[in-house]
Amino acid sequence: MTQDAVSLTKSLLRFDTINPPGRERDCARFAGAMLEEWGFRVEYHEYADSRTSLVARAGGSEAKAPLCLTGHLDVVPLGARQWSKDPFSGETDGDKLYGRGASDMKAGVAAILLAARSFGKKLNGTPGIVLVLTAAEEGGCVGSAQLAKTQLLGKAGAMVVGEPTSNYPLVGHKGSIKFHARFRGVSAHGSMPELGENAIYKAARAVARLEGFDFATPSHPIMGKPTLNVGTMEGGVTVNAVPDAARFGVDIRTVPGMDHDGLLSKLKSAMGEGAELEVFSNLKPVWTAPDHEWIQRVFEICKPYVGEPPAPRTAPYMTDAANLLKVYSGAPTVVLGPGEAAMAHQTDEYASQERTRQAVAIYEALIRDWCR
Ligand SMILES: [Zn+2]
């Protein structure tokens, strides 16, 4: 097989892995078959029908854990707006390679695969590499959360997350807590509200308190401050009744050093009596100090491609790293991939062909450096 980074990205784009529903299986099997051919040991994990993640390994030694390179196989829906390019066939125009998931992140997955191909069997007797290709990253990192509960991930000594950064190495991202706050009341006729207990009033008071919530945490030097957003509000069924139920949805982004459990109990008491919290996502921030030795090596390797010594920066979005680090605890982590972050989830999403090829060289240099 003589695929280059661009043609392999096109091959990956042809698999419809739009999530929902996902259906990553065929794409995962396609990648897995290539990896086996290149000398990798491949294992699959399906947390639900067709929701396939893959873990592939080559090399391995007692002395040092392998380098992990990770990416997700699913992509977001096409959206309501009409595309001017075919989202699945890999149309090109100049340097641009179009398709749903081109930037986020099939170009990144293709670059990871091709860098892996360059080594394959040559990694015997070295720390080696472990590739983790996940299902269901979009909409809550479900695939990596499931994978982290299995024994498949093994060990890793450092991690590269191939999400779109235009090949700029980023040293982490905020954490996230998402929950619904539910309030109950007592229904009554709308003409006699004094006989009821209005759940919407309770929820509204709680929302107002959250708007002024003080995290009481110092600003992080790179990530800045934690944030809080109330994104949904639901309650009541008809205008002429006292509502007996209301709830709203909250999205919190945390910075390193914050204690999520402590924060949740502070939020609960800030929202007042009767608030019931249903936490449906709780992921810690990802952060490696920029002066960490391995991060400095990554910066050095990326310098020629970035055109300057990289400065410490973090990604605006979440990644699977938050879940994988539950297993790869303490592994220095960099978010680094060829896609364009601004193109993620957009109509007419594209990736740069040049950056996709460069990413292969960057990942190869990282593997060589780790396994030397
Ligand atoms: Zn992504």
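Everything that follows concerns the structure shown earlier in this document.
Residues numbered from 1 in each chain as written. Predicted model: local features only at pLDDT ≥ 70, side-chain atom pairs only at ≥ 80, totals over all residues. Heavy atoms only, no water.

Undergrad: For this particular structure, what's the right way to read the sheet that holds strand β1 (residues 41-46)?
TA: One key point about sheets: their strands pair by backbone hydrogen bonds, in either a parallel or an antiparallel sense. Strand order in the open sheet made by the six strands is β1-β2-β6-β3-β7-β14, with mixed pairing throughout. The sheet is open, and its two borders are formed by β1 and β14 (333-335), each paired with just one other strand. On average, each strand axis in the sheet is tilted by 15° relative to the strand beside it, whichever way the strands run. In terms of strand pairing, strand β3 (residues 67-72) meets strand β6 (residues 129-134) through six bridges, oriented parallel. Residue G71 lies in a different strand from β6, and its bridge partner there is L133. Running over the sheet, helix α2 (residues 25-37) touches β1, β2 (52-58) and β6 and is turned about 165° from β1. (Pairing = 2+ DSSP bridges. Helix = DSSP H or I, 4+ residues; strand = E, 2+ residues; numbered from the N terminus. Axes fitted to C-alpha atoms, helices over the stretch in contact; angles between N-to-C directions. Contact = heavy atoms within 4.5 Å.)

Undergrad: Is there a simple way to explain the pattern of salt bridges in this structure?
TA: It is possible for side chains of opposite charge to pair when their charged atoms get near one another. Inspection of the entire model under this criterion finds 15 salt bridges. Across the pair E276 and R184 runs a salt bridge whose closest N-O atoms are separated by 2.8 Å. Here E276, found in strand β12 (residues 276-283), pairs with R184, found in strand β9 (residues 175-184); they are 92 residues apart in sequence, far enough to count as distant. The class for E276 is partly exposed, based on a relative accessible area of 31%. The shortest N-O distance in the salt bridge between E340 and R355 comes to 2.7 Å. Placement of E340 in the loop between β14 and β15 (350-352) and of R355 in helix α9 (residues 353-371) is noted, with a sequence separation of 15 residues between them. (Salt bridge = Lys/Arg side-chain N within 4 Å of Asp/Glu carboxyl O. Buried < 20%, exposed > 50% of the residue type's maximum accessible area, 1.4 Å probe, protein only.)

Undergrad: Hey, could you run me through the nonpolar core in this one?
TA: Generally speaking, soluble globular proteins have nonpolar side chains that are buried together. Among the nonpolar cores identified, the biggest contains 51 residues, and L35, F40, L67, L113, I129, L131 and Y363 are the most heavily contacted of them. In terms of residue count, helix α3 (residues 102-119) provides more of this core than any other element does, ten residues in total. The contacts of I129, once residues within four sequence positions are left out, are F40, A56, R57, A58, P66, L67, L69, A116, L123, I367 and C371. (Core = buried A, V, L, I, M, F, W, Y, C linked by side-chain atoms within 4.5 Å.)

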